[in-house]
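A look at the structure
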Amino acid sequence: KPLSVRSRSNSMASVRSNRTGNEPPPPPASQFVGTWEKEQALIILDRIKALAQGNPEETPEGGGGRIKNGKPYMVAMAATPGSGKSVSSFMLASILEDHGYPTMVCPHDGYHFPLDYLRTFPDADDMVYRRGAPDTFDPFALLRDLDRIRNGDEEIIKLPAFDHAKADPEPDTHIFDRNHHKIVLCEGLYLLHDQDGWEEVKYMFDYTIFMN
């Protein structure tokens, strides 16, 4: 079963960023690292090594040779609003990359339903007003894309992001490269949600972190 852990609140100190690849640049706050991210990075790295060695006590179902076969290690970072999950995800990714594990950060905000689609609902005004609630996302598209990354063999997979300037998703923004990325870190509010179509998403991850 995927593991989970509750994080502590952040206390930041400056650190060099080592982002590479085609992903959008991280926010300026990614130049900082908190008190718990390093600890979690070391736990993740230990579990990846156990996976590579086929340790049955540390290997999620079907995971034994997954890392060796180009299947990335899947991490979820779920959190309450305003907890700092986006900043912490870039901090964690930077530490993992410094240890030689290129990490793709994938916020699930790109799976918002577009405004034009929300306006087609019978209760369109309510749907637009409540935008950001679990049922105003497309968790099935997220599940499909996570499954493509976890279990597929496509070398390049393009995922959407959320464009705050136009308040709508932007397709093909986050790039997963199977020949480069060893870890995928997905962050968002509802990754552990158990209703509204999100029920299966949590099973895509090897390790989950919940921030409060």
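In what follows, the structure referred to is the one given above.
Our subject in this report is the structure included herewith.

What counts, and where the lines are drawn
- Residues numbered from 1 in each chain as written.
- Predicted model: local features only at pLDDT ≥ 70, side-chain atom pairs only at ≥ 80, totals over all residues.
- Heavy atoms only, no water.
- Helix = DSSP H or I, 4+ residues; strand = E, 2+ residues; numbered from the N terminus.
- Buried < 20%, exposed > 50% of the residue type's maximum accessible area, 1.4 Å probe, protein only.
- Contact = heavy atoms within 4.5 Å.
- Areas by Shrake-Rupley, 256 points an atom, 1.4 Å probe, with all protein chains shown as cover.
- Pairing = 2+ DSSP bridges.
- Salt bridge = Lys/Arg side-chain N within 4 Å of Asp/Glu carboxyl O.
- Expected span 1.5 Å × (residues − 1).

1. Some remarks on the overall build of the protein
For the protein, the helix and strand inventory stands at 5 helices and 9 strands. Mapped in sequence order, the helices and strands of the protein form the string β-β-β-α-β-α-β-α-α-α-β-β-β-β. The buried share of the protein, taken over its 212 residues, is 47%. Sequence separation of at least 24 residues holds for 71% of the intrachain contacts in the protein that already meet a minimum separation of 6. Accessible area for the protein stands at about 10,400 Å²; split by element, carbon and sulfur atoms hold 51% of it.

2. Let's talk about the pairing of strand β5 (residues 103-107)
Burial runs high along β5: 5 of the 5 residues are buried. Burial of the side chains of β5 extends over both faces: Thr103, Val105 and Pro107 are buried on one face and Met104 and Cys106 on the other. Relative to strand β8 (residues 183-188), β5 runs parallel, the two being bridged by 5 bridges. Within the sheet, the bridge partner assigned to Thr103 lies in β8 and is Ile183.

3. Overview of the pattern of salt bridges
Evaluated as defined, the whole model comprises 9 salt bridges. The salt bridge involving Asp116 is made with Arg119; its shortest N-O contact spans 3.2 Å. A salt bridge links Glu170 to Lys166; the nearest nitrogen and oxygen atoms lie 2.5 Å apart. We classify Glu170 as partly exposed; its relative accessible area is 30%. When its relative accessible area of 43% is taken as the criterion, Lys166 is described as partly exposed. Among the charged side chains, a salt-bridge network with shared partners connects Arg144, Asp145, Arg148 and Glu154.

4. Regarding the environment of Phe137
Relative to the elements of secondary structure, Phe137 occurs in the loop between α4 (124-129) and α5 (139-151). Phe137 sits in the buried class, given a relative accessible area of 3%. Sequence separation of Phe137 and Tyr190 is 53 residues, and the distance between their C-alpha atoms is 9.6 Å. The contacts of Phe137, once residues within four sequence positions are left out, are His108, Asp109, Tyr111, His112, Phe113, Gly132, Tyr190 and Trp198.

5. A short note on helix α2 (residues 85-98)
The first and last C-alpha atoms of α2 sit 20 Å apart over 14 residues, in line with the 20 Å expected at 1.5 Å per residue. With respect to burial, α2 is a largely interior element, 11 of its 14 residues being buried. Just past α2, the residue Gly100 takes up positive phi, approximately 90°.

6. So, the pairing of strand β6 (residues 156-163)
Here 7 bridges tie β6 to strand β7 (residues 168-177), and the two strands are oriented antiparallel to one another. Residue pairing for β7: Lys158 is matched across the bridge by Ile175. As consecutive antiparallel partners, β6 and β7 are separated by 4 residues, and within that stretch Ala167 has a phi angle of approximately 60°, a positive value.

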